[in-house]
Amino acid sequence: MPFRTMTTLQAWIDDFRALGYDDAGILKVIPQDGEGGSDTGLIAAGLRSVSTTFYVSPETEPGSTGWAVTFEPRENAAPLGSARVLALSGELAMLSALCTFLQARAEAFVEARS
């Protein structure tokens, strides 16, 4: 998937942050070992409201432009009071918007090259 380069993903994250999402500051592009040493990346961060790390990556089906959020496993339970659940819901809403944004960008990228 040519739209997974570190440079492309960083530009897309910068554009997403410019939309004004409060929690978008937690996002960062990190290197991922690509096939044959290719320059690929993932979008990762730790949630603020609960100590869970996640990453966002393209779906793996051939031709797919969708994106998915993968939450890293936790060792312990994470009880949350109502205020932290509300904060978590905002972070999850931002992640949902990010996946929609990335899918639109990926579709435009693929369309421009076909």
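You'll find the structure just up there.
Given the structure is predicted, the values throughout are model-derived calculations rather than measurements. (Residues numbered from 1 in each chain as written. Predicted model: local features only at pLDDT ≥ 70, side-chain atom pairs only at ≥ 80, totals over all residues. Heavy atoms only, no water.)

Colleague: Is there a simple way to explain the overall build of the protein in this structure?
Modeller: Assigned secondary structure in the protein consists of two helices and four strands. Ordering the α and β elements of the protein from the N terminus gives α-β-β-β-β-α. Its C-alpha atoms give the protein principal-axis dimensions of about 50 × 30 × 20 Å. Among the 114 residues that make up the protein, the fraction classed as buried is 36%. Across the protein, every contact between residues at least 6 apart in sequence was considered, and the portion connecting residues at least 24 apart equals 52%. (Helix = DSSP H or I, 4+ residues; strand = E, 2+ residues; numbered from the N terminus. Buried < 20%, exposed > 50% of the residue type's maximum accessible area, 1.4 Å probe, protein only. Contact = heavy atoms within 4.5 Å.)

Colleague: I would appreciate a short explanation of the side chain of Thr 65 in the present structure.
Modeller: Assignment of secondary structure puts Thr 65 in the loop between β3 (53–58) and β4 (67–71). In terms of polar contacts, Thr 65 uses its side chain to reach the side chain of Glu 107, at 3.3 Å. (Polar contact = N/O pair within 3.5 Å; in protein donor to acceptor, adjacent residues only side chain to side chain.)

Colleague: Mind showing me how you'd approach the environment of Ala 44 here?
Modeller: Structurally, Ala 44 is set in strand β2 (residues 39–46). If we skip the residues at most four places from it in the chain, Ala 44 touches Ile 26, Leu 27, Lys 28, Ile 30, Phe 54 and Tyr 55.

Colleague: Before we go on, may I ask you to explain the packing of aromatic side chains in this structure?
Modeller: Two measures describe an aromatic ring pair: the distance that separates the ring centres and the angle between the ring planes. Taken as a whole and judged by the stated rule, the model has four aromatic pairs. The interplanar angle of 75 degrees and the centroid separation of 6.3 Å between the aromatic rings of Trp 12 and Phe 109 together place this pair among those described as edge-to-face. You can see Trp 12 sitting in helix α1 (residues 6–18) and its partner Phe 109 sitting in helix α2 (residues 82–112), a full 97 residues away along the chain. As far as burial versus exposure is concerned, Trp 12 and Phe 109 are alike and both buried. For the pair Phe 16 and Tyr 21, a centre-to-centre distance of 4.6 Å together with 10 degrees between the ring planes defines the contact as stacked. On the basis of relative accessibility, which here comes to 35%, the residue Tyr 21 falls in the partly exposed class. Joined through ring pairs, the aromatic side chains of Phe 16, Tyr 21 and Phe 101 make up one cluster. The lysine or arginine in question, Arg 113, covers the ring of Phe 109, its NZ or CZ lying 3.7 Å from the ring centre. (Phe/Tyr/Trp six-rings, centres within 6.5 Å; stacked < 30°, edge-to-face > 60°. Lys NZ or Arg CZ within 6 Å of the ring centre and 35° of its normal.)

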